[in-house]
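# Fold and geometry: a report
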Amino acid sequence: MSKPKILVARAVFPEVIARLEAHFEVESNPSDETWSKAELIARLQGKEGAFTTGGDRIDAEVLAACPQLRICANMAVGYNNFDIAAMTAAGVLATNAPDVLTETTADFGFALLMATARRITESEHYLRAGKWTKWSYDMFAGSDIHGATLGILGMGRIGQGIARRGAHGFGMKVIYHNRSRLDAALEAECKAGYVGKDELLKTADHLVLVLPYSPESHHTIGAAELALMKPTATLVNIARGGIVDDAALAAALRNKTIAAAGLDVFEGEPTLHPELLMVPNVVLTPHIASATIPARLAMARLAADNLIGFFKENKPLTPLNPAVLAIK
Ligand code: GLV
């Protein structure tokens with residue numbers, strides 16, 4: 001029996017490609033070029049499955065042009081690159097890669113928070129530029145983490161991981177806002193109290209964003225929300241570009257209406273709003289929150305296992321639109 005044909009849209013671990021090759025006829029992208037939509041459509045011709053990453057947009061146009069496609073397995077927990085409604089309407093299964101990156105990403109959220117609040121990269125740049133000539137009492141004074149109020153917007157698994165680190169590791173008071181409130185046992189375990197969004201913005205000393213991107217969450221943090229925050233506050237975004245209005249944030253950082261920001265994700269990434277590169281009080285990282293080898297390998301293996309499970313037994317591990325599985 002011939003093997004189903006799949007496309008692996010970006011470069012990925014050789015061992016994962018080898019695993020896929022045991023089950024599929026694989027076209028891969030070892031040079032890791034970023035394909036245009038036209039190129040992606042051309043390469044998807046005749047393919048029944050796709051291994052995608054967050055930069056590969058699967059929308060109605062792609063689906064209409066690729067009628068053989070049956071599944072797209074994302075090597076990411078976020079899936080705003082998928083038009084799930086269009087995929088469901090076309091009978092194409094979508095899967096993501098949750099859980100395996102939760103603790104790694106929560107570690108990074110905390111690292112970015114600490115680097116931002118304690119001005120680590122800003123002071124390192126100063127030192128490397130040869131500007132450090134003497135100690136002074138307020139040089140690069142930042143804000144404390146321990147004992148401060150940690151606000152979390154988006155209290156899914158990663159948000160909960162950040163809450164636990166803050167409450168149990170650093171003695172922070174944790175408050176959060178989410179579409180739905182956690183049950184009492186989980187709130188107690190995370191030592192986190194539910195508050196309204198405005199109260200979160202007004203009260204947090206450090207605010208971490210971990211909510212999923214959707215048209216509804218576009219610019220959840222804009223000029224009005226930034227104006228509610230304390231002038232001493234730090235803002236950390238490890239969620240998705242587009243959740244923050246980057247132009248409004250750059251203005252708030254320039255005018256010091258908030259103290260600092262730590263950003264791993266950006267509107268229009270990998271291009272950044274130019275003003276973010278000009279302001280000193282921001283720590284910028286290139287979308288690396290889940291970037292440890294064990295986490296990335298687990299994400300890639302899960303995406304591969306979703307493809308294998310789907311074609312073998314109609315049993316993907318982490319389906320996003322499982323209704324598609326019933327239509328066979
Ligand atoms: C990374 O951003 C992910 O969604 O996994």
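Along every chain, residues carry numbers that run from 1 in the direction the sequence is written. Reporting of local features is limited, given that this is a predicted model, to residues whose pLDDT is at least 70; pairs of side-chain atoms are given and counted only at 80 or more, and all residues count toward the totals for whole chains, interfaces and linings. Hydrogens and water are ignored here; the side-chain numbers use all heavy atoms of the structure.

## A word on the domain arrangement of the protein chain
Put simply, the rule reads: The domain boundaries here were taken from an automatic or database domain assignment. Only heavy atoms enter the contact rule, under which two residues are in contact if any of them lie within 4.5 Å. Joining two parts hides part of their accessible area as seen by a 1.4 Å probe, and the buried area is that hidden amount summed over both.
Domains assigned within the protein chain are domain 1 (5-98 + 293-327) and domain 2 (102-284). If you average the C-alpha positions of domain 1 and of domain 2, the two centres end up 32 Å apart. Opposite the 4 residues of domain 1 that make contact, domain 2 presents 4 residues. Note on domain 1 versus domain 2: buried area summed over both sides is about 400 Å², and carbon and sulfur give 55% of it.

## Thoughts on the packing of aromatic side chains
Cut-off, in case you're wondering: To pair, rings of Phe, Tyr and Trp, with the six-membered ring standing in for Trp, must have centres within 6.5 Å; the planes then decide the type, stacked if under 30 degrees apart, edge-to-face if over 60, and tilted in the middle. Numbering goes from the N terminus for both helices and strands, where a helix is a DSSP run of H or I of at least four residues and a strand is a run of E of at least two. Under the scheme applied here, a residue whose accessible area is under 20% of the maximum for its type counts as buried, over 50% as exposed, and between as partly exposed, the area being computed with a 1.4 Å probe on protein chains only.
All told, the structure shown has 5 aromatic pairs when counted by the stated rule. Look at F110 and F170: their rings are 4.9 Å apart centre to centre, the planes differ by 25 degrees, and that puts the pair in the stacked class. Of the two residues, F110 sits in helix α5 (residues 102-117) while F170 sits in helix α7 (residues 157-170), which places them 60 residues apart along the sequence. For F110, a relative accessible area of 5% translates into the label buried.

## Focus on the nonpolar core
The tendency in soluble globular proteins is for nonpolar side chains to be buried side by side. Inclusion rule: Throughout, nonpolar core names a set of buried Ala, Val, Leu, Ile, Met, Phe, Trp, Tyr and Cys residues whose side chains join them through atoms within 4.5 Å.
Among the nonpolar cores identified, the biggest contains 29 residues, and L207, L209, L226, L235 and L249 are the most heavily contacted of them. Counting only elements with at least two residues in this core, the list comes to α9 (197-203), β9 (206-209), α11 (246-254) and β11 (260-263). With 5 residues, the single largest contributor to this core is α11. Excluding its chain neighbours within four sequence positions, the residues that come into contact with L226 are I221, L235, A248, L249, A252 and I258.

## Notes on the packing of α5 against α7
What counts is decided by this rule: To get an axis, a line is fitted to the C-alpha atoms, and for a helix only the part in contact is used. The angle between two axes follows their N-to-C directions and goes from 0 to 180 degrees. The cut-offs work like this: below 35 degrees is roughly parallel, past 145 is roughly antiparallel, 65 to 115 is roughly perpendicular, and the gaps in between are oblique. The sense of a crossing depends on the near helix, which, turned anticlockwise from the far helix by less than a right angle, makes the crossing left-handed and, turned clockwise, makes it right-handed. For this classification, the nonpolar set comprises Ala, Val, Leu, Ile, Met, Phe, Trp, Tyr, Cys and Pro, the charged set comprises Asp, Glu, Lys and Arg, and every other residue, Gly included, is treated as polar.
It is the contact of α5 with α7, at a shortest axis distance of 8 Å, that shows an interaxial angle of 55 degrees. On the basis of the axis angle, α5 is oblique to α7. The hand of the α5/α7 crossing is right-handed. Contacts between α5 and α7 pair T102, E103, T105, A106, D107, G109, F110 and M114 from the former with R157, I158, G161, I162, R165, G166 and F170 from the latter. Taken together, the residues of the contact of α5 with α7 break down into 6 nonpolar, 5 polar and 4 charged.

## Quick notes on the site of the ligand
To keep it simple, the criterion reads: Think of it this way: one heavy atom of a residue within 4 Å of a molecule or strand is enough to make that residue near it. For the purposes of these results, a polar contact is taken to be a pair of N or O atoms within 3.5 Å, where, inside protein, one atom must be able to donate a hydrogen and its partner to accept one; residues adjacent in sequence count only when each atom of the pair is a side-chain atom. Calculation of accessible area relied on Shrake-Rupley with a 1.4 Å probe; when residues are assessed, cover is drawn exclusively from the protein chains displayed.
Close to the ligand lie A76, V77, G78, L101, R240, H287 and M299. G78 is positioned with one of its backbone polar atoms (N or O) 2.8 Å from an oxygen atom of the ligand. Within the contact set of the ligand, an oxygen atom lies 2.7 Å away from a side-chain nitrogen or oxygen of R240. Contact with the protein chains covers 85% of the free accessible surface of the ligand, which is 190 Å². Here the residues of the shell around the ligand sort into 4 nonpolar, 2 polar and 1 charged.

## Observations regarding the pattern of salt bridges
Side chains that differ in charge, positive against negative, can pair when their charged atoms come close. Applied cut-off: Any Lys or Arg side-chain nitrogen located within 4 Å of an Asp or Glu carboxyl oxygen qualifies as a salt bridge.
The tally for this structure, following the rule as stated, stands at 19 salt bridges. Notably, a salt bridge pairs R10 with D32, separated by 2.7 Å at the nearest N-O pair. Taken together, the residues span a long stretch of sequence, with R10 in the loop between β1 (5-8) and α1 (14-21) and D32 in the loop between β2 (25-27) and α2 (37-44) at a distance of 22 residues. The residue E39 makes a salt bridge to R43 at a minimum N-O spacing of 2.8 Å. With a gap of 4 residues between them, E39 and R43 both fall in helix α2, about one helical turn apart. For R43, a relative accessible area of 24% translates into the label partly exposed.

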